[in-house]
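One letter stands for each residue in the lines below.
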Amino acid sequence: MTGLTPALTPGADTAMIVVDVQNDFCSGGALAVPEGEAVVPVINALAGAFGLIVITQDWHPAGHASFASSHAGRSPFETTTMPYGPQVLWPDHCVQGTRGAALHDGLQLPTAQLIVRKGWHAGVDSYSAFVEADGRTTTGLAAWLRAHGITRIAVTGLATDFCVAYTAQDARSAGFETWVIEDACRAIDLNGSLAAAWQAMAATGVQRIDSSAVARR
Ligand code: VGL
Ligand code: ZN
């Protein structure tokens, strides 16, 4: 990439959102994303380029409606229908206060200003850091970012095709210019979900870049 103009030069108007880099999404975790922990050094190296960093944590109560174990006769990775639409059923993961819900120990983000916990309503999932799966309950994140002068957002973390993709698309819906830093993310890739997610993100104007295209300061 040497010689090319960086695709993203973060300024005071630019935040990085670090999505769900939690033990349960890393090797040995309850819902391990292949190579999930590989995002940690990439995100640590990006941190200095961003003056504002938001971390998210998937933060479910025990018995959450997104858990297959909460639906008699259903297995993880099947899809069911919730009042708000289709819902993939997951293994129990990121239960509030557990080791699996904790951020990965290797994450070094001492300057991060906000941690958003999501998915804590027992009956509603929230892949997005902005709006829950019912499509209307807001986490308050968009207003918080606007209050701090943010107009541009770079999204990193886990998983590319679920929480990263929904967060990036909702960032666009909320009016933010949005990038997903591909090598700072890893995917679950369930039945073609990764390709579908990139397509959906592109359709909403999310820009896809590599971490080498982010200007460091
Ligand atoms: C996620 C599935 C269930 C994610 C969270 O962080 O992408 N995926 N809960
Ligand atoms: Zn979850």
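The structure under discussion appears in the preceding block.
Given the structure is predicted, the values throughout are model-derived calculations rather than measurements. (Residues numbered from 1 in each chain as written. Chains lettered and ligands numbered in written order. Predicted model: local features only at pLDDT ≥ 70, side-chain atom pairs only at ≥ 80, totals over all residues. Heavy atoms only, no water.)

Caption draft 1: Geometry of the pairing of strand 3 (residues 79-82). In strand 3, alternate side chains face the same way, and those of Thr80 and Met82 are buried while those of Thr79 and Thr81 on the opposite face are not. Direction of pairing for strand 3 relative to strand 4 (residues 85-88): antiparallel, over a ladder of four bridges. Pairing of Met82 across the sheet is with Gly85, part of strand 4. In textbook terms, the turn of a hairpin is the stretch between consecutive antiparallel strands, and for strand 3 and strand 4 this stretch comprises two residues. (Buried < 20%, exposed > 50% of the residue type's maximum accessible area, 1.4 Å probe, protein only. Helix = DSSP H or I, 4+ residues; strand = E, 2+ residues; numbered from the N terminus. Pairing = 2+ DSSP bridges.)

Caption draft 2: Geometry of unusual backbone geometry. Note the cis peptide between Leu158 and Ala159, where omega equals -15°. In this fold, Ala159 is placed in the loop between strand 6 (152-158) and helix 3 (160-173). Of note in the backbone geometry, Asp20 takes a positive phi value of approximately 50° without being a glycine. Following the sequence through the fold, Asp20 ends up in the loop between strand 1 (14-19) and helix 1 (39-46). The backbone of Glu35 shows a phi angle near 60°, a positive value even though the residue is not glycine. Its location among the elements puts Glu35 in the loop between strand 1 and helix 1.

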